[in-house]
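Coordinates in review
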Amino acid sequence: MVFLVGLMVQSTSPVASLFISLHHNVSGVEPTRDVPKGEPFLYEAGWKDACAVFFYSLVCIVMHAILQEYFLDKISKKFHLSKSRLSALNESGQLVVFHLVTLLWGGDAILREGFIFNISRLWDGYPIHPMSFLLKLWWIVQAAYWLHTIPELYFQRIKKDEWAARIRHAAAAFAFVAIAYGFKFQRVGVCLMVLHSLAEFIAHCYRLNTILRGEREDYLDKFLSLVNGAVFVTVRLCSLVLGVLTFYYGMAGAALVILRVAALSVLVSFQVFLMFNFITEAIKQRQEARQLALNKPKKEKKEKPKKEKVKKIPVDDSDLPEVDQNTNKALRQRQAAVKAK
């Protein structure tokens, strides 16, 4: 609100626009009478983008709070989750939305720029790669999101034993965004990040299903597990092929050899690291499932003990007293009379 109010005041408008607007445009014309449609603005990276990243990180904090209060908190109250599952729900719930936005927005930018139909545009003209308004804003929001996750650890009251893993995750993602943006790898970078977001979106959907439904081995769980594994492996292979095609072949002669080798090495190492973790986790889950199946006691059918028939010992009438003997005789006579009828 301070920045928005500052944008309305004439004396503070230049400073506020430094944080809100995008800068470092290299071309573009406003619509005029002679040129009604104008010309699209194209941008490049610059130091003023750091101010925009700071402002949009505040916007991400607000959007994070809205999503948490109006959606995730209501879901957690409905399912009565434990503390560990609640923490996992909050993390995966936020990341599902972020990766979905990244996937749709980045995919739209790829289609608009024509990268998917003309892959040579990823390296043609390097390092002069001006960006459209939407593509530059996409990169700013990417950096802002991973920057906002650091104060969110305090705002969301995350346990301190979880801080290290989340900070490493956010720092690695922010470093990838900053390196790709700073070294003008925006075109290949947006393709790689859209692929990565596709795999992460499926993975967190599978994780949310496990959190909310429990560890039920039904058809839905098996289907999501199969889709998660297939998409993950496909994305890793596509990322490697795209990286080798761009850095090794496409930019040969246009970029320094050291820069190309370093970028390709980082990309390959990251993909191998993710693949190794995925295989290790899959093996661990199989071993745990097998051990759990072995530890389950087998249900034995309990046979009901057969009741032994107690044989009645006939009693001789001579052993009974006279009254009982007379009673027995009377009963026999009545039974004989009934049978005769």
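Residues numbered from 1 in each chain as written. Predicted model: local features only at pLDDT ≥ 70, side-chain atom pairs only at ≥ 80, totals over all residues. Heavy atoms only, no water.

The protein appears in an unreviewed UniProt entry as TLC domain-containing protein from Iphiclides podalirius. UniProt, in the comment section headed Subcellular location (unreviewed entry), describes the protein in these words: "Membrane". Heading Sequence similarities (unreviewed entry) of the UniProt record for the protein holds this comment: "Belongs to the TRAM family." (UniProt positions renumbered as here; feature names shortened; annotations may be inferred.)

On to the side chain of Q271, then. Note that Q271 resides in helix α9 (residues 257-295). With sequence-adjacent residues up to four places away left out, Q271 is seen in contact with R236, S239 and L240. (Helix = DSSP H or I, 4+ residues; strand = E, 2+ residues; numbered from the N terminus. Contact = heavy atoms within 4.5 Å.)

Time to look at helix α6 (residues 163-182). For α6, which comprises 20 residues, the first-to-last C-alpha distance of 27 Å matches the rise-based estimate of 28 Å (1.5 Å per residue) to within 8%. Listing the buried residues of α6 in full gives R166, A170, A173, V177, A180 and Y181. Viewed end-on, α6 has its buried residues packed into an arc of 105°, placing them on one side of the element. Buried residues belonging to α6 abut α3 (49-79), α4 (83-113), β3 (131-132), α5 (133-155) and α7 (186-213). Remark: K184 follows α6 within two positions and exhibits a positive phi of approximately 65°. (Expected span 1.5 Å × (residues − 1). Buried < 20%, exposed > 50% of the residue type's maximum accessible area, 1.4 Å probe, protein only. Arc of directions from axis to C-beta.)

Bringing the nonpolar core into the picture now. Counting residues in hydrophobic clusters, the biggest one holds 51 residues, and the most contacted among them are W139, W146, F185, V190 and F247. For this core, the secondary-structure elements that each account for two or more residues are α2 (13-20), α3, α4, α5, α6, α7, α8 (219-250) and α9. Per-element tally for this core: the top contributor is α5, with 10 residues. Setting aside residues no more than four positions away along its own chain, F185 makes contact with Y126, W139, A180, F247, M251, L259 and A263. Grouped together as the second largest cluster of nonpolar side chains are eight residues, L89, F201, I202 and I211 included. (Core = buried A, V, L, I, M, F, W, Y, C linked by side-chain atoms within 4.5 Å.)

Turning our attention to the sheet that holds β3. On the basis of which strands lie adjacent, the open sheet formed by three strands has the order β1-β2-β3 and antiparallel pairing. Two strands close off the open sheet at either side, each with one partner strand: β1 (25-29) and β3. Taken together, the two bridges between strand β2 (residues 39-43) and β3 define a ladder with antiparallel strand orientation. Each bridged residue has a counterpart across the sheet, and for Y43 the counterpart in β3 is M131. (Pairing = 2+ DSSP bridges.)

A cluster of nonpolar side chains, namely V59, V62, M63, I66, Y70 and F71, defines an oily patch on the protein surface of about 570 Å² accessible area. Mapped onto the elements of the fold, M63 is located in helix α3. (Patch = residues over 30% accessible without salt bridge, like charges linked within 9 Å, V, L, I, M, F, W, Y side chains within 5 Å. Areas by Shrake-Rupley, 256 points an atom, 1.4 Å probe, with all protein chains shown as cover. Salt bridge = Lys/Arg side-chain N within 4 Å of Asp/Glu carboxyl O.)

To continue, consider the environment of A262. Inspection of the secondary structure puts A262 in helix α9. Between the alpha carbons of A262 and F247 there is a distance of 9.5 Å; along the sequence they are 15 residues apart.

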